[in-house]
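The residues making up each chain are set out below.
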Amino acid sequence: MKPYQKGLLLTGAGVLVVSPDATFIRLIGVSAMDLMFWRGAMMALVMCLFIVIREHRDLPAFVARASWVVVFAAVVTMVLNFLFIIGITHTSAANALTI
C-alpha cells in the first residue's frame with residue numbers, strides 16, 4: 001500500500017471513530033468538566049492496562065525509561081481533549097470535527 005493510500009485510510013478511520021463521539025457527548029448532557037474528568041480517567045485506565053499487558057516482563061525498566069516526553073504527551077492529550085469537548089458543547093458537531 002502506498003503511503004498516500006495508507007494516510008487516507010487512517011484519516012478516514014479516524015473520522016469514523018471520532019464522529020459518533022460528538023453525538024454521545026451531546027446525548028450525555030453533563031457539564032464539560034465532568035465529561036473531561038471521566039474521559040481522562042478512562043483514557044488513563046486503558047493506557048495503563050495496555051502498558052502493563054505489553055511491558056509486563058520489564059515494567060520497572062519501562063517506567064524508569066519514561067521521560068519528559070511522556071509528561072508532555074499527557075499534557076497535550078489533556079489540552080486537546082478539553083478543547084474538543086468545549087468545541088462540541090459550544091458549536092455544532094460538524095464545525096468541531098472540521099476545525
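All residue numbers refer to position in the chain's written sequence, counted from 1. The predicted nature of this model means local features are confined to residues of pLDDT at least 70 and side-chain atom pairs, given and counted, to a pLDDT of 80 or more, with totals for whole chains, interfaces and linings taken over all residues. Side-chain numbers come from the whole structure's heavy atoms, not from hydrogens or water.

**A short note on the layout of surface pockets**
And step 1. Its boundaries defined by the atoms lining it, the largest pocket holds a volume of some 520 Å³.
And step 2. A cavity here means a set of 1 Å grid points, computed over protein atoms only, where a 1.4 Å probe fits but cannot escape. A pocket is an open set with protein on both sides within 12 Å along at least 5 of 7 lines, and lining residues have an atom within 4 Å of a point. Every residue lining the largest pocket is counted, 18 residues in all, and those nearest its centre are Ala44, Met47, Ile51, Val70 and Ala74.
And step 3. At the level of elements, helix H2 (32–54), helix H3 (59–65) and helix H4 (68–90) are the ones that each hand at least two residues to the lining of the largest pocket. Grid points are joined across faces, edges and corners, and a volume is the space filled by probe spheres set on the points. Only DSSP runs of H or I with at least four residues qualify as helices, and only runs of E with at least two residues qualify as strands; both kinds are numbered from the N terminus onward.

**Digging into the pattern of salt bridges**
And step 1. Salt bridges are counted wherever a side-chain nitrogen of Lys or Arg sits within 4 Å of a carboxyl oxygen of Asp or Glu. Going through the model one piece at a time under the given rule, you end up with two salt bridges.
And step 2. Its salt-bridge partner being Arg54, residue Glu55 comes within 3.9 Å of it at the nearest N-O pair.
And step 3. Residue class for Arg54 comes out exposed when judged on its relative accessible area of 57%.
And step 4. Arg65 is the partner of Asp58 in a salt bridge, and the nearest nitrogen-oxygen pair spans 3.8 Å.
And step 5. Given a relative accessible area of 51%, Arg65 falls into the exposed group. Relative accessibility under 20% of the residue-type maximum defines a buried residue, over 50% an exposed one, and the middle range a partly exposed one, all with a 1.4 Å probe and only protein chains included.

**Here's the deal with the packing of aromatic side chains**
The geometry of an aromatic ring pair is captured by the separation of the ring centres together with the interplanar angle, meaning the angle of the planes.
And step 1. Each pair of aromatic rings taken from Phe, Tyr and Trp, with Trp reduced to its six-membered ring, is defined by centres within 6.5 Å and is described as stacked if the planes are under 30 degrees apart, edge-to-face if over 60, and tilted in the remaining cases. Here the structure, examined in full by the defined rule, presents two aromatic pairs.
And step 2. When the centroid spacing of 5.0 Å and the interplanar angle of 75° are considered together, the rings of Phe37 and Trp38 count as edge-to-face.
And step 3. For Trp38, a relative accessible area of 52% puts it in the exposed group.

**Details of the packing of helix H1 (residues 3–28) against H4**
And step 1. To obtain an axis, a line is fitted to C-alpha atoms, over the contacting stretch when the element is a helix, and the angle between two such axes runs from 0 to 180 degrees between their N-to-C directions. Where H1 meets H4, the axes come as close as 10 Å, and the angle between the chain directions of the two elements is 60°. In this structure, H1 meets H4 at a crossing whose hand is right-handed. The segment H1 lies against H4, with Val18, Asp21, Ala22, Ile25 and Arg26 engaging Phe84, Ile85 and Ile88.
And step 2. Here the residues of the contact of H1 with H4 are counted per class, giving six nonpolar, no polar and two charged. Handedness of a crossing is defined here by the sense of rotation of the near helix relative to the far one, left-handed for an anticlockwise turn of less than a right angle and right-handed for a clockwise turn. Any two residues whose heavy atoms approach within 4.5 Å are treated as being in contact. By the convention adopted, Pro, Cys, Tyr, Trp, Phe, Met, Ile, Leu, Val and Ala count as nonpolar, Lys, Arg, Asp and Glu as charged, and the other residues, Gly among them, as polar.

**Digging into the side chain of Glu55**
And step 1. Along the polypeptide, Glu55 turns up in the loop between H2 and H3.
And step 2. Those residues in contact with Glu55, other than ones at most four positions away along the chain, are Phe62 and Arg65.

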